[in-house]
Amino acid sequence: MTPLLSIQDLTVELSARDRIFDAVSDLSFTVARGEVLALVGESGSGKSMTALAIMRLLPEPVARISKGRILFDELDLAAASEASLRSIRGNRIGLIFQEPMTSLNPSMRVGPQVAEALRLHKGLDAAAARRRVEEIFEQVRIPDPKRRFDDYPHQMSGGMRQRVVIALALACDPDVLIADEPTTALDVTTQAQILETFRDLQAAVGAATILITHDLAVVAETADRVAVMYAGRIVEETTTEKLFAEPQHPYTHGLLGSIPHVAEAGSATERDRLTEIPGTVPALWALPKGCAFAPRCPRARQRCESERPELADMAPKHRAACWYPMGGAG
Amino acid sequence: MHEVTPARPARRRRRGVNVFLWLGASLLALFALLALFGEAVAPHDPNAQDLFSMLEPPSAAHLLGTDNVGRDILSRIIVGTRFTLSIALASVFFAGIGGVALGAIAGYFGGVTDRVVTGIIDLLLTVPNIVLAIAIASVAGSSATGLTIAITASFIPPLARLVRGRVIELAEEDFVAAAITVGMSHTRILLRHILPNAATVIIIELSLNAGQAVLIGSALGFLGLGVQPPAPEWGTMLGASREYLTMAPHLVIAPGIAISLLVLAFNAFGDGLRDVFDPGSSS
């Protein structure tokens, strides 16, 4: 698979309250057509900043791309003009927002909101756009799409609104889809349904997809590959199976250990204790000289504090940035 | 024995008909009809002088009495509705266009544009409404047009400031970010996604402004800077009756009540609208 979207050495610089620091540092990854790459990390790890940077929606001048390239179909989005970005956004790159409750215009019916994008990018007339929107609503499993077309957002449940948001992102058959925590705001049963719809549609459209989440359960269900971010850098990147089976970075290992499992025997005594990662994410403007995770890492040694490990191949298709990786099976 | 009932949250508002809104709306409808069909409804010709019945108190022939040259006051008030109402509506209309455009541009684009517009607005806001109106009326001349220009100009700064604030607020909303990610132009985002959501605030402000416009228009008329006699504009009528205040107080009372009623109608309507659309804010 050739990559459709290729991020190279992307660095996002933030300047807030007379501090200047990098929220995302030297990030490199690729996504191929039809593939789902999950960007996983805690809040502040830079995953949402990465999404905004790709769409070139960083709140300038507070945040800006200070280095790197975002290659999309031979065009460098990091250097593209506002006009060409406008023709790409919504048309060739779709973004699904986190908050279905606030990402739709409350004073506009949902159908026309989606149709607007189609009319803008595909030049459809009102009738054709309406037909197309009803089709998409059908695809995202909005029941009774003809009637729902004329609903206002407040007449819909959170799950339904998120389906509209997905429909909006997919309306123009984008080549790249970026989903920023698409199910975080929904309750668990709705999450599962939305994820299923999302996965089916993503496969049908064949879009190269970046799924941003902090939820490893979502990753396990949806992603082909995973990149784990910590303090603005990718610390581990591999296929979903390998990540869950043989995490190499102690941080990934810690993340996996903090997911609750239902004990097989069911009795309280046999339930595994959740392991937690001690300490907190370091402030991005006061990162340690060596590995950013070293202060919290149970395996940290002297070298970790003085020298920052680069991403290196641990196994085929498995990169991690660690001097003393976990090796073996966990 | 006690009955256990779950606590009910106190109701914040009675549901159903909003009295203010309907009171305001019906009064306004009445005034609008008078403005449209004034001559047909008026019992007398508003400009017909009758030197044999000057300064007469209210009677069966002249329900509100006559003025210093014997004109029927009721007829003059009915026909005069047109001046007051059209000045109020026109100034609110033009102030709406100007204020919304300035505020939206300043709020949405920010930066230097915002600083320039905000600076001018802040400067103008330091000048009292009526003083600004007098200054403009003295330049634009004493006529209905001059009056409209003066009132419009005094309404634009506060409205622009209100719209600017609301636009800044709305520009931060997720659905605006979503519109950008869909690839929409600034004009489109402003017109289709931001301003419709600011409409409630704008409409409420404008309806309250209309009441203000009636007051300022009458005040300028009273001072002789508004519509000129013999036109039956209420403020002008008040001004002309000043000299006869002790002899014939009804000359002052009638236009005074008319002005108050119209202002009340606009304010009740505006407050009613606010209660309906924006129940969170206190009136």
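Residues numbered from 1 in each chain as written. Chains lettered and ligands numbered in written order. Predicted model: local features only at pLDDT ≥ 70, side-chain atom pairs only at ≥ 80, totals over all residues. Heavy atoms only, no water.

Chain B is annotated in an unreviewed UniProt entry as ABC transporter permease subunit of Nitratireductor arenosus. The Sequence similarities (unreviewed entry) field of the UniProt record for chain B holds the comment "Belongs to the binding-protein-dependent transport system permease family." Per UniProt, chain B carries the Subcellular location (unreviewed entry) text "Cell membrane". (UniProt positions renumbered as here; feature names shortened; annotations may be inferred.)

Chain A carries the name ATP-binding cassette domain-containing protein in an unreviewed UniProt entry, which gives Nitratireductor arenosus as its organism. Reading the Subcellular location (unreviewed entry) entry of the UniProt record for chain A gives the comment "Cell inner membrane". Database annotation for chain A, UniProt heading Sequence similarities (unreviewed entry): "Belongs to the ABC transporter superfamily."

A.B. asks: Sorry if this is basic, but what is going on with the interface of chain A and chain B here?
C.D. replies: The interface of chain A with chain B comprises 21 residues on the first partner and 16 residues on the second. Both sides together, the interface formed by chain A and chain B hides about 1600 Å², and carbon and sulfur atoms give 60% of it. Counting across the interface, chain A meets chain B through two salt bridges. In this structure, Glu116 of chain A and Arg188 of chain B form a salt bridge, with 3.3 Å as the shortest nitrogen-oxygen distance. Summed over the shared surface of chain A and chain B, the number is eleven residue pairs in polar contact (both at pLDDT 80 or more). Across the side of chain A that touches chain B, the residue classes tally to eleven nonpolar, six polar and four charged. (Contact = heavy atoms within 4.5 Å. Buried area = accessible area lost by both parts, 1.4 Å probe. Salt bridge = Lys/Arg side-chain N within 4 Å of Asp/Glu carboxyl O. Polar contact = N/O pair within 3.5 Å; in protein donor to acceptor, adjacent residues only side chain to side chain. Nonpolar A, V, L, I, M, F, W, Y, C, P; charged D, E, K, R; others polar.)

A.B. asks: Looking at this model, I keep getting lost on the UniProt feature "transmembrane region" (unreviewed entry) in chain B. Mind explaining?
C.D. replies: Residues and elements named next belong to chain B. Mapped onto this structure's residue numbering, the UniProt feature "transmembrane region" (unreviewed entry) falls at residues 20-42, 83-110, 130-156, 194-227 and 247-269. Summarising residues 20-42: 96% helix, 0% strand, and an end-to-end C-alpha distance of 28 Å. Counted over residues 194-227, helix gives 85% and strand 0%. Its end C-alpha atoms are 39 Å apart. (Helix = DSSP H or I, 4+ residues; strand = E, 2+ residues; numbered from the N terminus.)

A.B. asks: In this structure, what is going on with the confidence of the model for chain A? I would like to understand it.
C.D. replies: For any part of a model where pLDDT is low, the fine detail of the predicted coordinates should not be relied upon. Here chain A shows a mean pLDDT of 87. Residues at 70 or above account for 95%. Element-level mean pLDDT values for chain A span from 86 in helix α7 (residues 188-205) of chain A up to 94 in strand β9 (residues 225-230) of chain A. (pLDDT = per-residue confidence, 0-100.)

A.B. asks: When you look at the sheet that holds strand β1 (residues 3-16) of chain A in this model, what are you seeing that I'm missing?
C.D. replies: Sheet strands pair by backbone hydrogen bonding; their relative direction is either parallel or antiparallel. Residues and elements named next belong to chain A. Overall, antiparallel pairing links the four strands, which are arranged β2-β1-β4-β5 in an open sheet. Of all the strands in the sheet, just β2 (19-32) and β5 (75-76) have a single pairing partner and so form its edges. Pairing between β1 and strand β4 (residues 63-72): eight bridges, direction antiparallel. Directly across from Leu14, in β4, lies its bridge partner Ala63. Across the sheet, helix α1 (residues 47-55) lies against β1, β2 and β4, angled at about 110 degrees from β1, the strand it touches most. (Pairing = 2+ DSSP bridges. Axes fitted to C-alpha atoms, helices over the stretch in contact; angles between N-to-C directions.)

A.B. asks: Explain unusual backbone geometry to me, please; I cannot follow it from the model alone.
C.D. replies: Both trends apply: most residues other than glycine have a negative phi, and most peptide bonds are in trans. Residues and elements named next belong to chain A. The phi angle at Asp144 is positive, at roughly 55 degrees, despite the residue not being glycine. By the secondary structure assignment, Asp144 is in the loop between α4 (126-139) and α5 (145-148). One non-glycine residue, Ala231, adopts positive backbone phi at about 50 degrees.

A.B. asks: Whenever I open this one, the UniProt feature "domain: ABC transporter" (unreviewed entry) in chain A confuses me. Can you help?
C.D. replies: UniProt annotation of "domain: ABC transporter" (unreviewed entry) refers to residues 5-256 of chain A when read in the numbering used here. Secondary structure across residues 5-256 of chain A comprises 39% helix and 28% strand; the distance between its end C-alpha atoms is 28 Å.

A.B. asks: Even after reading the chapter, I still don't get the pattern of salt bridges, so can you show me in this structure?
C.D. replies: Residue and element names in this part refer to chain A. Under the criterion given, the structure shown has 32 salt bridges over all chains. A salt bridge links Arg33 to Asp175; the nearest nitrogen and oxygen atoms lie 3.7 Å apart. Of this pair, Arg33 sits in the loop between β2 and β3 (36-40) while Asp175 sits in the loop between α6 (158-170) and β7 (176-180), and the two are 142 residues apart along the sequence. What makes Arg33 partly exposed here is its relative accessible area of 48%. (Buried < 20%, exposed > 50% of the residue type's maximum accessible area, 1.4 Å probe, protein only.)

A.B. asks: Would you take a moment to explain the packing of helix α2 (residues 73-109) of chain B against helix α9 (residues 250-277) of chain B for this structure?
C.D. replies: The axes of two packed helices give the description: the angle between them and the distance between them. Residues and elements named next belong to chain B. Relative to each other, α2 and α9 sit at 35 degrees, their axes nearing to 11 Å. Viewed along their axes, α2 and α9 form a crossing whose handedness is right-handed. Of the residues in α9, those touching α2 at Ile73, Ile77, Thr84, Leu85, Ala88 and Leu89 are His250, Leu251, Ala254, Pro255, Ala258, Leu262 and Phe266. Taken together, the residues of the contact of α2 with α9 break down into eleven nonpolar, two polar and no charged. (Left-handed = near helix turned anticlockwise from the far one by under 90°.)

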